[in-house]
Amino acid sequence: MKRTTITLLLFLALLCTLLSGCREDPGACSAKPVIYLYPEEETEISVHLDYDGKLTCTYPAYDNGWTVTAQPNGVLTGADGQTYNYLYWEGFSYTAYDFSQGFCIPGSDTAAFLEDVLEQLGLTRREANEFIVYWLPRMEENPYNLIAFQSQAYTEHAQLTITPEPDSFLRVFMAWMPLDAPQEIPTQSLPSFDRTGFAVVEWGGAEISSPSNNKIISS
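Every chain begins its residue count from 1, and numbering advances along the sequence as written. Totals for whole chains, interfaces and linings use every residue, but because this is a predicted model, local features are given only for residues with pLDDT of at least 70 and side-chain atom pairs only at 80 or more, for both listing and counting. The basis for every side-chain value is the complete set of heavy atoms in the structure, and neither hydrogens nor water enter the calculation.

*Asks:* Just checking my understanding: could you explain helix 2 (residues 110-121) for this structure?
*Replies:* Strands are runs of DSSP state E lasting at least two residues, helices are runs of H or I lasting at least four, and both sets are numbered from the N terminus onward. To estimate the expected span of a helix, subtract one from its residue number and multiply by 1.5 Å. End to end, helix 2 covers 16 Å across 12 residues, agreeing with the expected 16 Å (1.5 Å per residue, within 8%). When we look at burial in helix 2, the residues that qualify are Thr110, Phe113, Leu114, Val117, Leu118 and Leu121. The buried residues of helix 2 occupy an angular sector of 115° when projected down its axis, which confines them to one face. Exposed and oriented more than 90 degrees from the buried face of helix 2 are Asp116 and Glu119. In this structure, the buried side of helix 2 is in contact with strand 8 (103-106), helix 3 (125-139), strand 9 (144-150) and strand 11 (168-179). Directly after helix 2, the chain includes Gly122, whose backbone phi takes a positive value near 115°. Type-normalised accessible area, obtained with a 1.4 Å probe on protein chains alone, sets the label of each residue: buried when under 20%, exposed when over 50%, and partly exposed for intermediate values. The arc refers to the directions leading from the helix axis to the C-beta atoms. Residue contacts follow a heavy-atom distance rule, with two residues in contact if any of their heavy atoms lie within 4.5 Å.

As C-alpha cells, this is what we get:
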C-alpha cells in the first residue's frame, strides 16, 4: 500500500510538471513583445502578426490583427476610444534561438549593460526603461546571464505586416539564459538604427532555462 501511494504521488508530480505550461518551460516562450507606432501625423494603422506558435495573451485584444489610430507621440486609440501606449502580445513556441554570438554578463552588471546596449540598438530612453523594468528583476540576482539579441531566428517566426508600411522598423528581441558560472561566447556585433519618417519599434525577449530547452544555433 505504501509503495502504491508513493508511486501515485510521483505520477501526480510528473503530471503537474507536464501541464504547468509556459512558465515551467521558458525555452518555449516569446515573452512580452510590445510594438510602438510613431507616424509623422495622425494615422490609422493596421498591424497583422503571422506567428508560428500560439498566442497566449494580447492587449488590446488581437482579432486577426490590430487597427488603431496612432499619434506622432506614440499614443494609440482603438475603435472603442480606449488609448494605449503600445500593442502587446505574448506567445508560446519552440523557436530555436541563436546563441552563436552574444554576451555573458554578471547579474549585478545587467542594468548597466542593458542601458548601454539598448541605446546602441536605437531604443529611446522611455522604451529602454520599459524593457529594463520588465526584465531586470528576472536577471539581476543570477550569477551570470548569457544574452543574445536575435534577428532572423526571431523575425522569421513572428512576421509583422504593417499598413501603411513604415519608413523605419526596429525589432529588438533578447534571448537569454541564467548561468551559475561564466561562459565564453564570441562577442555579438550589434547594428544601429536610423529612426526616420513613420517609425515602428518592437522589443521583447525569451528566457531559456538551459541549453537543453533550446536548439542553440552555432556557427
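*Asks:* How do you make sense of the packing of aromatic side chains when you look at a structure like this?
*Replies:* Remark: the centre distance and the inter-plane angle together describe each pair of aromatic rings, the angle taken between the planes. Working definition: rings of Phe, Tyr and Trp (its six-membered ring) pair if their centres are within 6.5 Å, and the pair is stacked with planes under 30 degrees apart, edge-to-face with planes over 60 apart, and tilted otherwise. Summed over the entire model, instances satisfying the criterion amount to 13 aromatic pairs. With centroids separated by 4.9 Å and ring planes inclined at 90°, the aromatic side chains of Tyr134 and Trp135 adopt a geometry described as edge-to-face. Between the aromatic rings of Tyr134 and Trp203, the centroid separation amounts to 6.4 Å while the plane-to-plane angle is 45°, which identifies the pairing as tilted. On the criterion of sequence distance, the pair formed by Tyr134 in helix 3 and Trp203 in strand 12 (residues 199-207) is long-range, its members being 69 residues apart. Take Tyr134 and Trp203: they sit in the same class, and that class is buried. An aromatic cluster is built from Phe131, Tyr134, Trp135, Trp176 and Trp203, whose rings are joined through pairwise contacts.

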